[in-house]
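Now for the letters of each chain:
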Amino acid sequence: MANKRIAIAGFQHETNCYGATKAGLIEFEMADSWPGMLISAQVISETEGMNLPVAGFTEAAKATGFEVVPILWCSAEPSAQVSDHAFETICGMLLDGICKAGQIDGIYLDLHGAMVTEAFADGEGEILRRVREIVGPDVPVVASLDLHANVSAQMVEHADYLSIFRSYPHLDMAETGARCVPVLQRLLAGETLHKVFRTMPYLIPLHAQHTGSAPFNEIYQLPVRFERQKILAEIALGFTAADFPDTGPSCVAYAARAQQATVAVEEIVNLFVAREADIDCSMLSLEEAVLISRQSREKPVVLADVQDNAGAGGTSDTTGLLAVLIESGAKSVLMGLFHDPESAKEAHVAGEGALVKLAIGAKSNLAGHVPVNAEFEVLALGDGACRYTGEMYGGGVATLGKTAALRLVGHEAEVDLVLTSIRNQCLDRAHFTHIGLNPKNYSVICVKSTTHFRADFEPIAGEVFAVSSPGAFLCDLEKIPYTCITRRLPKTRETVFDTSKADSKKKILIL
Ligand SMILES: [Zn+2]
């Protein structure tokens, strides 16, 4: 398959329609959890070896003998809608790049699948429609999507193949990009792949989508089994904070015969329906989180502030959990990452070792949120270049802006926390260790993350709990003021922590 020229590009955004701020062009240009905007050769040189779809695709494509023609790659930290200006500018660069790339035999796109723009509810459907319009029906167009994609019929129509992550935490991003390569080979060899697309009947909150737990550990076995029969089955679990008619889980299968693809998607849908009651949507209340923080343990307990996850459009500056832990006199607590550029700047002005009075958090003007006013010792300061060490992003670099490690003083409670100046999801132990705080040395680790933190924190944790503290990324779907969704909320069992026994390590299941 030598000498086939494949144009590659990436344009990623996961849109929380209830986020505090929109994603403008500058958000796509700047570095955050991922690199800033990459143009032409940078797309390859700046992502090489990283667990990113575009990196996995490029490596596999080169090994196959494809000539890769990089155009651009960019992403913005999840937030409210992508501005029309950003969308049109980046789409324009992408389409212009394809037009100027000369003879192209195929296209690979690194997309998310849950982008909502000011003008288009189905951002990726519109990107794929425009790309297809330019290249025509005969040039294969393949794309990789996030497991949180809200896949639409429009996306399926305009792409010859969509590969989708199969793990949450997303450990298989590069692998998902690479899966597009053999499919492109088949398409370029003239094979026809029939596609069948189905949507699931109910939504799944993200804190219940962990693929290491039931029922998703079982559901994600199916694509592996189908692959042995040369059927490509892809499953998305959806992103619940994007409010449009196609929000929700779905599956799409590709096979040489349409009947094979139909059988595959039916089996997947049937398993989703059969296993609905196994989905665990439970969260601890703040009062329950305080009780948990008081239990003595050999290993740290992780309290996940799941509704303030920057990686899902949260502001990463809500203070509900911090306030109750201080009030209750909690001991040996580590917490991060607070997006608070103002306080980080004040800590830098004060200097390491100084005592400084700060109003932590609540800078995003979310209704009902207030800062925590207290005195802190500045333990350490940093410039925010943080090399990930965990399995999910290891090798990549987080750009956190000015950072500060702080220790609460003048209170019974023992709390250390990390401030950043650029919003990042707290999912890697390096977010703490790079500024001198080792999570292993604490009894309670509070992370502003929904599920990704599990990859790097579960290995050192005794137990992990999702906590329901107010934030811009609602995991309690009943509280989201949806206007467009078409699918129902899940019927799941309630899992309730037994608050009558503060020492109980067991959760009580009420079926
Ligand atoms: Zn995702």
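How each quantity is defined
- Residues numbered from 1 in each chain as written.
- Predicted model: local features only at pLDDT ≥ 70, side-chain atom pairs only at ≥ 80, totals over all residues.
- Heavy atoms only, no water.
- Helix = DSSP H or I, 4+ residues; strand = E, 2+ residues; numbered from the N terminus.
- Rg over C-alpha atoms; globule rule 2.2 N^0.38 Å.
- Areas by Shrake-Rupley, 256 points an atom, 1.4 Å probe, with all protein chains shown as cover.
- Lys, Arg positive; Asp, Glu negative; His and termini not counted.
- Charge placed at Lys NZ, Arg CZ, Asp CG, Glu CD.
- Buried < 20%, exposed > 50% of the residue type's maximum accessible area, 1.4 Å probe, protein only.
- Pairing = 2+ DSSP bridges.
- Right-handed = clockwise from strand over helix to strand, strands pointing away.
- Donors = N, O, S within 2.8 Å, 3.2 Å for Na, K, Ca; no water.
- Tetrahedral: all angles 85-135°; square planar, octahedral: opposite > 155°, others 65-115°.
- Axes fitted to C-alpha atoms, helices over the stretch in contact; angles between N-to-C directions.
- Parallel < 35°, antiparallel > 145°, perpendicular 65-115°, else oblique.
- Contact = heavy atoms within 4.5 Å.
- Nonpolar A, V, L, I, M, F, W, Y, C, P; charged D, E, K, R; others polar.
- UniProt positions renumbered as here; feature names shortened; annotations may be inferred.
- Salt bridge = Lys/Arg side-chain N within 4 Å of Asp/Glu carboxyl O.
- Polar contact = N/O pair within 3.5 Å; in protein donor to acceptor, adjacent residues only side chain to side chain.
- Expected span 1.5 Å × (residues − 1).
- Phe/Tyr/Trp six-rings, centres within 6.5 Å; stacked < 30°, edge-to-face > 60°.
- Lys NZ or Arg CZ within 6 Å of the ring centre and 35° of its normal.

When you go through the chain residue by residue, the secondary structure sums to 16 helices and 21 strands. In summary, the chain has a C-alpha radius of gyration of 23 Å against a globular reference of 24 Å for 511 residues, a match within 12%. By its C-alpha atoms, the chain is 70 × 50 × 40 Å across when sized along the principal axes. For the chain, the accessible surface area stands at approximately 18,700 Å², while carbon and sulfur atoms represent 50% of it. The distance from the centre of the 42 positive side-chain charges to the centre of the 63 negative ones in the chain is 5 Å.

Judged by how many residues are buried, strand β5 (residues 141-145) sits mostly within the fold: five of five residues are covered. The two faces of β5 match: Val 141, Ala 143 and Leu 145 on one face and Val 142 and Ser 144 on the other face are all buried. Strand direction decides the pairing type here: strand β4 (residues 106-111) and β5, joined by four bridges, are parallel. The residue bridging Ile 107 from the neighbouring strand is Val 141, located in β5. One crossover worth recording links β4 to the parallel β5 by way of helix α5 (residues 123-135), and it is right-handed. The sheet contact formed by β5 and strand β6 (residues 161-164) spans four bridges and is parallel. Paired with Ser 144 across the two strands is Ser 163, which belongs to β6.

By definition of the ideal shapes, four donors in a tetrahedron about a metal sit 109.5 degrees apart, and six donors in an octahedron sit 90 or 180 degrees apart. At 2.1 to 2.7 Å from the zinc ion lie its protein donor atoms, namely Asp 146 (OD), Asp 146 (OD), His 148 (ND1) and His 170 (NE2). Viewed at the metal, the four donor atoms of the zinc ion are separated by angles of 52 to 141°, and the geometry they form is irregular. Positions of the donor residues of the zinc ion along the chain correspond to the pattern D-x1-H-x21-H. Of this pair, Asp 146 sits in the loop between β5 and α6 (153-158) while His 170 sits in the loop between β6 and α7 (173-178), placing them 24 residues apart in sequence.

The geometry of helix α3 (residues 53-64) relative to helix α8 (residues 180-188) is characterised by a closest axis approach of 9 Å and an angle of 45° between their N-to-C directions. One element, α3, and the other, α8, form an angle in the oblique class. Taking contact as the criterion, the partners of Phe 57, Ala 60, Ala 61 and Thr 64 in α3 are, on α8, Cys 180, Val 181, Leu 184 and Gln 185. When the residues that make up the contact of α3 with α8 are grouped by side-chain class, the tally is six nonpolar, two polar and no charged.

What the three strands build is an open sheet, ordered β7-β9-β8; its pairing is antiparallel. The sheet terminates laterally at β7 (194-199) and β8 (232-236), the two strands that pair on one side only. The sheet shows a mean angle of 15° between the axes of neighbouring strands, direction not considered. Pairing analysis gives six bridges linking β7 to strand β9 (residues 250-255), with the strands arranged antiparallel. What sits directly across from Phe 197, in β9, is Val 252.

Attention shifts here to the UniProt feature "domain: Microcystin LR degradation protein MlrC N-terminal" (unreviewed entry) in the chain. UniProt marks residues 5-290 with the feature "domain: Microcystin LR degradation protein MlrC N-terminal" (unreviewed entry), using the numbering shown here. In this annotation, residues 5-290 is assigned 37% helix and 18% strand; the end-to-end C-alpha distance for the span is 58 Å.

Right, let's talk about the side chain of Asp 105 for a bit. Note that Asp 105 resides in the loop between α4 (84-100) and β4. Of the buried charged residues, Asp 105 lacks a salt bridge, with Lys 4 as the closest side chain of opposite charge at 4.4 Å. Within the structure, Asp 105 has its side chain in polar contact with the backbone nitrogen of Arg 5 (distance 2.7 Å). Residues contacting Asp 105, with those up to four places away along its chain left out, are Asn 3, Lys 4, Arg 5, Ile 6, Val 139, Pro 140 and Leu 188.

What follows deals with α3. Under the 1.5 Å per step criterion, the end-to-end length of α3 is 16 Å for 12 residues, consistent within 8% with the ideal 16 Å. Residue Gly 65 follows α3 closely and has a positive phi angle near 100°.

Before going further, it helps to examine the side chain of Glu 276. Here Glu 276 shows up in the loop between α11 (258-274) and α12 (286-294). Here the side chain of Glu 276 touches Lys 491 through a polar contact of 2.6 Å, landing on its backbone nitrogen.

Working definition: an aromatic ring pair is given by the centre-to-centre distance plus the angle between the planes. Counting across every chain of the model gives 12 aromatic pairs. Ring centres 5.0 Å apart and planes at 75° place the aromatic pair Tyr 161 and Tyr 254 in the edge-to-face group. Of this pair, Tyr 161 sits in strand β6 while Tyr 254 is found in strand β9, placing the two residues 93 residues apart along the sequence. Given a relative accessible area of 0%, Tyr 254 falls into the buried group. For the pair Phe 432 and Phe 457, a centre-to-centre distance of 6.2 Å together with 85° between the ring planes defines the contact as edge-to-face. Here Phe 432 is found in helix α15 (residues 430-433), whereas its partner Phe 457 is found in helix α16 (residues 454-457), with 25 residues between them in sequence. Clustering of aromatic rings is evident, with ring pairs tying together Phe 11, Phe 28, Phe 87 and Phe 120. Cation over ring: Arg 225 sits above Phe 226, and NZ or CZ is 5.2 Å from the ring centre. Lying across the ring of Phe 338, Lys 448 places its NZ or CZ 4.6 Å from the centre.

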